[in-house]
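# Structural characterization, general
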Amino acid sequence: MFGLMHAKASDLQVEVTDTNGQKLADAVVYLEGQKLNQSAGSGLIQISQKGKKFHPLVTVVQKGTNVNFPNKDSVRHHVYSFSPTKKFELKLYSGVPATPVLFDKPGTAVLGCNIHDTMLAYVHVVDSSYFEKTDTLGIANLQAVPDGDYQLKVWHYALKKENEIYTQTISLPESRKLMIKLDINPSLLVGQP
Ligand SMILES: [Cu+2]
């Protein structure tokens, strides 16, 4: 990495609210641009099922990431997605499925369970190595981003226009702190336990 020491980098803070200024948790914030996307993701992450809910509600992964779906309940689940981003089905199972699911195409996969209709979760797949979810204060921090021009993208599951992705051109180091307002449908917000 010593050869890159002349390249400057900045930390980017993005605050996401609805149009009334209410802070939005679980918004997916990511950057696309020429300086990024050098490598596909790898590694293995988990979305578990406990208390007949998926945990977490929203997951963001770089394309090329494998996801495991461990069932921590005593009842069996039947996890599926019909979304074009990733269609799959893990038929009625307990414990940890033998094979993880590879998310290899950008977009949103909506997850459900055939047995429990109220179970719902989202996997947002990005073509970027710079991504983060907003916390309960509506804040996402992207650290050590190489200075340059990017498309900042923000997605939230409760957006009024389904599958819309908010996009804004930004330059670093100039825009290190941003506030984004999204038009969401409050009735779609899932209360966090
Ligand atoms: Cu289930």
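Each remark here, short or long, concerns the structure printed above.
Residues numbered from 1 in each chain as written. Predicted model: local features only at pLDDT ≥ 70, side-chain atom pairs only at ≥ 80, totals over all residues.

## Brief notes about the pairing of strand E1 (residues 9-18)
- The pairing of E1 with strand E14 (residues 139-146) spans six bridges and is antiparallel. From the neighbouring strand, glutamine 13 faces E14, where its bridge partner is asparagine 141. (Pairing = 2+ DSSP bridges. Helix = DSSP H or I, 4+ residues; strand = E, 2+ residues; numbered from the N terminus.)

## Quick look at the sheet that holds strand E7 (residues 65-68)
- If you walk across this open sheet you meet the three strands as E3-E7-E10, and the pairing is mixed. On the outer flanks of this sheet lie strand E3 (44-46) and strand E10 (101-103), each paired with one strand and no other. Averaged over all neighbouring strand pairs, the angle between strand axes comes to 35 degrees, with direction disregarded.
- Bridge count for E7 against E10 is three bridges, and the pairing is antiparallel. Looking at the pairing, valine 67 lines up with valine 101 of E10. (Axes fitted to C-alpha atoms, helices over the stretch in contact; angles between N-to-C directions.)

## Details of the sheet that holds strand E16 (residues 166-172)
- If you walk across this open sheet you meet the four strands as E13-E2-E15-E16, and the pairing is antiparallel. The outermost strands of the open sheet, each flanked by one partner alone, are strand E13 (131-133) and E16. The sheet shows a mean angle of 25 degrees between the axes of neighbouring strands, direction not considered.
- Relative to E16, strand E15 (residues 148-155) is paired through seven bridges, and the arrangement is antiparallel. Note on E16: the bridge partner recorded for aspartate 149 is serine 171.

## Considering the nonpolar core
- One finds Val28 and Val29 to be the most contacted residues of the largest nonpolar core, which totals 39 residues.
- Counting only elements with at least two residues in this core, the list comes to E1, strand E2 (28-32), strand E6 (58-62), E10, strand E11 (107-113), strand E12 (120-126), E14 and E15.
- Looking at this core, the element that brings in the most residues is E12, giving five residues.
- Those residues in contact with valine 28 that sit more than four places away from it in its chain are Val58, Val60, His124, Phe131, Lys133, Val154 and Trp155. (Core = buried A, V, L, I, M, F, W, Y, C linked by C-beta atoms within 7 Å. Buried ≥ 20, exposed ≤ 12 C-beta atoms within 10 Å, placed from the backbone. Contact = placed C-beta atoms within 7 Å.)

## Some words on the pairing of E11
- Sheet analysis places strand E8 (residues 77-81) next to E11, joined by three bridges and oriented antiparallel. Along E11, the bridge assignment pairs valine 79 with cysteine 113.
- Sheet topology places E11 next to E12; six bridges connect them, and they run antiparallel. Within the sheet, the bridge partner assigned to valine 110 lies in E12 and is tyrosine 122.
- Taking the residues between adjacent antiparallel strands as the criterion, E11 and E12 are bridged by six residues.

## What about the environment of leucine 92?
- Following the sequence through the fold, leucine 92 ends up in strand E9 (residues 88-93).
- Its 13 C-beta neighbours within 10 Å are what place leucine 92 among the partly exposed residues.
- A sequence separation of 45 residues divides leucine 92 from leucine 137, and the C-alpha atoms of the two residues are 37 Å apart.
- Every residue in contact with leucine 92, bar those within four places of it in the chain, is listed here: Arg76 and His78.

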